[in-house]
Structures are given as structure tokens and as C-alpha cells.
Amino acid sequence: MKNVKVDISKAGVEITAEMEARAQAANSLLHSGKGAGNDFLGWVRLPSSITDSEIAAITETAAKLRAKADVVICIGIGGSYLGAKAVLEAMSNPFQLLHKEQQTPTVLFAGQNISEDYTAELLAATKEHSIAAIVISKSGTTTEPAIAFRLIKAEIEKRYGKQEAAERIVAVTDKARGALKTLATQEGYPTFVIPDDVGGRYSVLTPVGLLPLAVAGVDIAALVRGAQEMEQATAEGVPFAENPSAIYATVRNALYASGKKIEILGSYEPKLQYINEWWKQLYGESEGKQGKGIFPASVTLTADLHSMGQYIQEGERTLFETIISVARPASKVVIEADSENLDGLNYLAGKRISEVNRMAELGVQLAHVDGGVPNLRVEIPEISAEVIGSLLYFFEKACGISGYLLGVNPFDQPGVEAYKKNMFALLEKPGYEEATKAIKARL
Ligand code: PA5
């Protein structure tokens, strides 16, 4: 049985033979490497190429960090942050901090912003804890993580000395290029390589995601196994009707062509909130270019029905919705009868909370469809490492197919440079003298 199924019965899209053929051709391009951005297709066969010895090496390094530190600070941004964060949130108990037997180490994140308060509070909060760091940057030159790493490296060296720092810091970066690679080599940090042909937002199944997740105690072998299953299920030659990524990519493109410019990804499990964030980067950076692309938005339900629900139901009709629907909760909580029934909830007595959640999901789906918001369901059986691995690869494959259907290169991100140029000019970075003069005149 597949870990991911796509239900398009409420999407209002009739799939024609031509649409199927286009999706199959797009999938073939990903496999033949003849499409745009073909330097960055390493993720396509990545799951099946991960060896047991690679998993063992990551697990061994993770165990060393776990043995040394109560808190491991994971430094990175964008594709060097969101995958690990998304899977970690999905696999974690949100109330872990209150448990007496706290899982150690705690994995915290830095370098995903340039907030002075965030940085100060992180450094202060970790003062009494033993710390280690994983610094992740493919380019090795990204400003946000570089600033955070400079501070955290200094803190680690101050506390433990330079020699021990090299036992507490691990770098994940390019095999040869970038300031981080130079620094890691000079300082003697253990280093994992991000393959050249895997872009940041497709890198969760490389050490970028796997190392922090192994440190946090996530079963990375199961995660990879799930991704391998989905690699097979979406491979070239799999019939369209059996390929969930091809179906999802086709339907969202058909909806886009019919004027639905915004896709809202949501789920009724708050643990999946950061999967939404990871997905937003994956699709936003892959498709938002050349003046086109679906705008990826997200909601967490039912919470956001009490904030965004009004707009989704009755606002501008440019939306469609994709719900990650989880079949089985991991826990069981039954609503009890109350002799006074002052809250009027006795009609729910004996029901599990998940039954109420399911009825909310089904009711909302019909309400939104009635309101003109087509609905797709991505069905997963449970939240487990294996299933999440499948889900990640499902979305990656669909994104590649979808980008080719849209007619863009889904593997570049030229637009992210614009803000950097302005920021460097404003910060008077050497080499930006002319730009500095020009931009200051505009302020
Ligand atoms: O998907 C991408 O390529 C980007 O979001 C990058 O992951 C992000 O900018 C971080 O880059 P780097 O890993 O080079 O520091």
C-alpha cells in the first residue's frame, strides 16, 4: 500500500489523455535530464542512492554530538533549514519540555533570521547547557547563517577551547567551494557534503536534513525508506493513474490555468505546520518566476478556520486548497459524558477527538467546494518517519513535474539575489561602492 494517495474527486478537474501525456513527458524529462535546470536533478534518484554506510556515518556523527551536548544548535536558512525543521516538528511531541524524562539533546535553530533578539535569547537560554553546532550552507556564503555561526562558534570556542570546538562543530556544505568549506577545513571540523546536483530546497534527504534529524533521534533510515518507496511509485514509466505526483501536478496546473492562482496547503494536524513552510519554499522558489506561478499559502486547521476561514469561504475566488489528510492519530482521547451537560457536548460523548476532527475536515471540504474553492486531498495513513519520507519525495517529484508543465526551470532561483544586492550595498560591503551610493540616494 502506498503511503501517499491523492484524491481529486472534489477538485472539479477532468483529466484528459493530453494532460496525462504532458505529465508523463514532464516526468520523463526529470529522468532523462533533458529538461531545464538539468544540473540540479540529483534529488530524483537520491533516496535509492543513499547507502547503509552513509546512514551509518551520519548516525555515528549524530551520536557523538548527542553524547557531548544537551543542546545542538542547527544553523542554516531556506533549504538548509526548513526540511530538518519540518520533519523534526512533525516527529516531535510539542510538550516535550514538560516531560521529566526530557529527550536530549534538544535541537534548536539559528541563522534563519537576522533578529538580534532571537540571537541574544538563544545565546542566553543555552548558557547553562552544554552546546554543539551543525552549520549548514551549500554556498557557504549566506549572510544569515554566517552571522549566527560566527557568534555561536565564538561561544563554543570560549567555553571549550578551539580543539574541543572541532569535536562539537560539524559542517554540511559544498565539497570544495565557499567560505564555510575553507573554514571547516582550516578548523578541522567533521564535514558532510551537499551534492552539487541537489539544490537547497530539494536537499532534505541529504545530510542537510538527515544529520540534524539523527541528532534529534528521528529514525532517518525509516525516513529514507519512505522516500525510496515514493521514488519507485513516481518513477518514469509508472502509469499516470498510479503516480500520485503526476496527478497532483496535473490538477494544480489545470486549476492555475482556470484562474486559481493561489494554493492553500493545510492540515488538521498542527505537527505538520512546518511541512507547510517547507512546501511553500519548494513550490514558491521553483515556480514563481517569469511573471507566473501559483502562490503557495498555508493554513493550520481547524485553528485558521477562525481567522482565514471567512476569506477562504467568501473572498476572492482565486484559491484552491490541498489538504494533507492523516488517517490515524498516534494517540487515543475519548470525550467523556458529563452528568450536567452544561456545555451541551454530550452528543459527542464516547467519540474520539479524531472523529470530531474528521467530521470538521469533511464538513469544511464540502463548504469550501460549495464556496468555489476546489479541493485536493493528499492522504497519508499516519505521521511516522517512513510516511513523512514518502510525503517529502511525493511533493518534490510533483514540484519538478509541475514546474515543467508550467514552462519554467524549477531548479533555479534568480530572484532571490535582488534583496541581497540591496542589503550588501546598504551595509557598504567591499565591492559594492557604486551600488551603495546609488541606493542611499534612493532612501
Ligand atoms: O533553495 C535554495 O537554494 C535556497 O533557499 C537556499 O537553500 C538558501 O538560500 C540557503 O542557501 P545556502 O545553503 O547556500 O546557505
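Residues numbered from 1 in each chain as written. Predicted model: local features only at pLDDT ≥ 70, side-chain atom pairs only at ≥ 80, totals over all residues. Heavy atoms only, no water.

**As for the sheet that holds strand β5 (residues 169–173)**
The strand order across the open sheet built from five strands is β3-β2-β4-β5-β6, with neighbouring strands paired in parallel fashion. One side of each edge strand has no neighbouring strand; the edge strands of this open sheet are β3 (106–110) and β6 (191–193). Averaged over all neighbouring strand pairs, the angle between strand axes comes to 20°, with direction disregarded. Pairing analysis gives five bridges linking strand β2 (residues 71–75) to strand β4 (residues 131–137), with the strands arranged parallel. (Pairing = 2+ DSSP bridges. Helix = DSSP H or I, 4+ residues; strand = E, 2+ residues; numbered from the N terminus. Axes fitted to C-alpha atoms, helices over the stretch in contact; angles between N-to-C directions.)

**Side note on the site of the ligand**
Inspection of the region around the ligand gives 13 residues, with S80, S137, S139, T142 and Q281 positioned closest. A distance of 2.6 Å is found between an oxygen atom of the ligand and a side-chain nitrogen or oxygen belonging to S137. Relative to its unbound accessible area of 380 Å², the ligand is 87% covered by the protein chains. By residue class, the composition of the shell around the ligand is one nonpolar, nine polar and three charged. (Near = heavy atom within 4 Å. Polar contact = N/O pair within 3.5 Å; in protein donor to acceptor, adjacent residues only side chain to side chain. Areas by Shrake-Rupley, 256 points an atom, 1.4 Å probe, with all protein chains shown as cover. Nonpolar A, V, L, I, M, F, W, Y, C, P; charged D, E, K, R; others polar.)

**A look at the UniProt feature "active site" (unreviewed entry) in the protein**
Mapped onto this numbering, the UniProt entry annotates "active site" (unreviewed entry) at E285 and K420. Examined against the element boundaries, E285 turns out to sit in helix α11 (residues 273–287). You can call E285 partly exposed: its relative accessible area is 23%. Not counting the four nearest positions on each side in its chain, E285 is found in contact with R201, K280, D412, Q413 and V416. Here the side chain of E285 touches R201 through a polar contact of 3.0 Å, side chain to side chain. (UniProt positions renumbered as here; feature names shortened; annotations may be inferred. Buried < 20%, exposed > 50% of the residue type's maximum accessible area, 1.4 Å probe, protein only. Contact = heavy atoms within 4.5 Å.)

**Points about a nonpolar patch on the surface**
Side chains of I114, I147 and L151 sit close together on the surface and give an oily, nonpolar patch of about 260 Å² of accessible area. Relative to the helices and strands, L151 is located in helix α6 (residues 143–168). Overall, L151 belongs to the partly exposed group, its relative accessible area being 40%. (Patch = residues over 30% accessible without salt bridge, like charges linked within 9 Å, V, L, I, M, F, W, Y side chains within 5 Å. Salt bridge = Lys/Arg side-chain N within 4 Å of Asp/Glu carboxyl O.)

**Examining the packing of α11 against helix α14 (residues 385–406)**
The interhelical angle for the contact between α11 and α14, taken along N-to-C directions, is 20°, at an axis separation of 10 Å. One element, α11, and the other, α14, form an angle in the roughly parallel class. Judged by the twist between their axes, the crossing of α11 over α14 is right-handed. Note on element contacts: α14 touches α11 through I388, L391, L392, F395, E396, A398, C399, S402, G403 and L406, opposite I275, W278, W279, L282, Y283, S286 and E287. In the contact of α11 with α14, the residues fall into twelve nonpolar, three polar and two charged. (Parallel < 35°, antiparallel > 145°, perpendicular 65-115°, else oblique. Left-handed = near helix turned anticlockwise from the far one by under 90°.)

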